[in-house]
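Structural characterization, general
One letter stands for each residue in the lines below.
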Amino acid sequence: MKKKESTLKNMVISLLLVCSISGACLGAVYVLTYDKINAEESQKSEEAIKKVLPPFDKLEKVEVSLPEDPSNSLLCYLAYNHNICTGIAVNSSSNGFGGVINMMVGFQADGTLNKVQILKHSETPGLGSKMTDPSFYSQFERKHLDQFLLKVKKDGGEVDAITAATISSRAYCAGLQKSYEAFKLASKKLTKKNISPSNK
């Protein structure tokens, strides 16, 4: 059998076939795993909401857009216990050293930061990854962000940055600040619906 001559045309056709087959395979894998990935992410978010908020028996999901970036909407979860709002969780994000940091930030109804759960990050192991250590995140708990300067001490704030991971620390603070702005917007929706927040 005569070997087909290697020409530019043949190489282009072969490359197109390989790319088409690879693309089809990737598309098929995406379709097959899409629902499973979404279900896992939803479950992870639900577990994080329970960890960052005071006890509740009902959740209401609302979407808010920050004035400085209307195209960037954040999901907020209004938590109720016997029809009284006990807190609000905000699904937020910021750009860290290694990529996007996704977090779930829980606030008590009066605006006090309750707890934070990191959902996903790509920060450097042993450095930026220490944002998930209690020695770092505990300094934010039970703080009211109107009275706590949410900047690292190097920038004139009150936050003890992670050693050798200032960028990650700044990103964490930025994510919390964005969450607080979203919390205030979500709280206004409570007022409009005449549902009283808890004063506890």
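All of the points below concern the structure found in this document. Along each chain, residue indices are assigned from 1 in the same order as the chain's sequence is written. Whole-chain, interface and lining totals are the exception, using all residues; otherwise, since this is a predicted model, local features are given only for residues with pLDDT of at least 70 and side-chain atom pairs are given and counted only at 80 or more. Side-chain metrics rest on all non-hydrogen atoms present in the structure, leaving aside hydrogens and water.

Helix numbering and strand numbering both begin at the N terminus, where a helix is a DSSP run of H or I of at least 4 residues and a strand a DSSP run of E of at least 2. Each helix and strand in the chain was counted, giving three helices and five strands. Exposure classes here rest on a 1.4 Å probe applied to the protein chains alone. A residue is buried below 20% of its type maximum, exposed above 50%, and partly exposed in between. Buried residues in the chain amount to 35% of all 200 residues. Whether two residues touch is decided by their heavy atoms; if any such pair falls within 4.5 Å, the residues are in contact. In the chain, the share of contacts with a sequence separation of at least 24, taken over all contacts with a separation of at least 6, comes to 53%. Here the open area of atoms and residues is found with the Shrake-Rupley method and a 1.4 Å probe, where only the protein chains shown may cover a residue. Per element, the accessible surface of the chain, about 12400 Å² overall, is 56% carbon and sulfur.

Time to look at the nonpolar core. The term nonpolar core refers to a set of buried residues drawn from Ala, Val, Leu, Ile, Met, Phe, Trp, Tyr and Cys, joined through side-chain atoms within 4.5 Å. Within the largest apolar cluster, 36 residues are counted, with the highest numbers of intra-cluster contacts made by C76, I88, F140, Y172 and L176. Where this core is concerned, the elements lending two or more residues are β1 (58-66), β2 (69-81), β3 (84-95), β4 (100-108), β5 (113-120) and α3 (166-192). Ranked by residue count, the leading element in this core is α3, at nine residues. When sequence neighbours within four positions are dropped, the list of residues in contact with F140 reads L113, F148, L150, V159, Y172, C173 and L176. Of all hydrophobic cores here, the second largest spans nine residues; its members include A48, I49, V52 and L119.

A word on the pattern of salt bridges. By definition, a salt bridge exists where a carboxyl oxygen of Asp or Glu is found within 4 Å of a side-chain nitrogen of Lys or Arg. If you walk through the whole model with that rule in mind, you get three salt bridges. Of the charged contacts in the structure, one is a salt bridge between K153 and D160, with a shortest N-O distance of 2.7 Å. A salt bridge links D155 to R170; the shortest N-O distance between them is 2.8 Å. Within this pair, whereas D155 is found in the loop between α2 (134-137) and α3, its partner R170 is found in helix α3, the two being separated by 15 residues in sequence. A residue is classified by how much of its surface remains accessible, and D155, at 37% relative accessible area, is partly exposed.

This paragraph deals with the environment of L127. Within the element layout of this structure, L127 appears in the loop between β5 and α2. Every residue in contact with L127, bar those within four places of it in the chain, is listed here: I162, T163, A164 and A165.

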